[in-house]
Amino acid sequence: NALVNMYARCGSMENAHQVFKNMSERDVISWNVMIAGYTVHGHGEEALHLFYQMHQERVKPDQVTFVSVLNACGHLAALKQGKQIHAHILRRGIELEVFVKNALI
């Protein structure tokens, strides 16, 4: 996770993705680092794609995941996807911290 994080923070998303892809075990932190990295560096579509892949692999997103993916939706003006993710949060009954509420605004 530290290596993926280093590449992502430096904006080297190709290298981050390569390390991520070759990880034998990925936890929610691994996914969060990649989703946040793509979002911060203007690759919102890739962030959303990873979020949906995360869901398919049955990794449960946490509040950090939701903040990053909602920010990606905002950068892309992807209102439909943002509403779907908001509905997902509500269905799961996730207690929204202030920073998640701010991401929804």
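What counts, and where the lines are drawn
- Residues numbered from 1 in each chain as written.
- Predicted model: local features only at pLDDT ≥ 70, side-chain atom pairs only at ≥ 80, totals over all residues.
- Heavy atoms only, no water.
- Buried < 20%, exposed > 50% of the residue type's maximum accessible area, 1.4 Å probe, protein only.
- Helix = DSSP H or I, 4+ residues; strand = E, 2+ residues; numbered from the N terminus.
- Arc of directions from axis to C-beta.
- Contact = heavy atoms within 4.5 Å.
- Core = buried A, V, L, I, M, F, W, Y, C linked by side-chain atoms within 4.5 Å.
- Polar contact = N/O pair within 3.5 Å; in protein donor to acceptor, adjacent residues only side chain to side chain.
- Phe/Tyr/Trp six-rings, centres within 6.5 Å; stacked < 30°, edge-to-face > 60°.
- Axes fitted to C-alpha atoms, helices over the stretch in contact; angles between N-to-C directions.
- Parallel < 35°, antiparallel > 145°, perpendicular 65-115°, else oblique.
- Left-handed = near helix turned anticlockwise from the far one by under 90°.
- Nonpolar A, V, L, I, M, F, W, Y, C, P; charged D, E, K, R; others polar.

1. Here we look at helix α2 (residues 13-21)
Here is step 1 of the chain: Residues of α2 that are buried include every one of Met13, Ala16 and Phe20, and no others. Taken around the axis of α2, the buried residues stretch over an arc of 60 degrees, which confines them to a single face.
Here is step 2 of the chain: On the buried face of α2, the contacting elements are α1 (2-9), α3 (28-40) and α4 (44-56).

2. Brief notes about the nonpolar core
Here is step 1 of the chain: Ranked by internal contacts, the top residues of the largest apolar core, which has 26 residues, are Val4, Phe20, Met34, Leu50, Phe66 and Ile85.
Here is step 2 of the chain: In contact with Leu50, other than residues within four places in its own chain, are Phe20, Trp31, Met34, Ile35 and Tyr38.

3. Looking at the side chain of Ser30
Here is step 1 of the chain: Its location among the elements puts Ser30 in helix α3.
Here is step 2 of the chain: Looking at Ser30, its side chain comes within polar contact range of the side chain of Asn1, at 2.5 Å.
Here is step 3 of the chain: With residues near it in sequence (within four places) discarded, Ser30 still touches Asn1, Phe20 and Met23.

4. Remarks on the packing of aromatic side chains
Here is step 1 of the chain: For the structure on display, the rule yields 3 aromatic pairs.
Here is step 2 of the chain: On the numbers, 4.9 Å between centres and 85 degrees between planes, the contact of Phe20 with Trp31 is edge-to-face. Taken together, the residues Phe20 in helix α2 and Trp31 in helix α3 connect sequence positions 11 residues apart.
Here is step 3 of the chain: Look at Phe51 and Phe66: their rings are 6.1 Å apart centre to centre, the planes differ by 65 degrees, and that puts the pair in the edge-to-face class.

5. Comments concerning the packing of α3 against α4
Here is step 1 of the chain: Packing of α3 against α4 leaves a shortest axis separation of 7 Å and a crossing angle of 160 degrees. It follows that α3 is roughly antiparallel to α4 by the angle criterion. Seen along the crossing, α3 lies across α4 with a hand that is left-handed. Residue-level contacts link Val28, Trp31, Asn32, Met34, Ile35, Tyr38 and Thr39 of α3 to Gly44, Glu46, Ala47, Leu50, Phe51, Gln53 and Met54 of α4.
Here is step 2 of the chain: When grouped by side-chain class, the residues that make up the contact of α3 with α4 number 9 nonpolar, 4 polar and 1 charged.

Bear in mind that shape data such as this cannot, by itself, settle questions of function.
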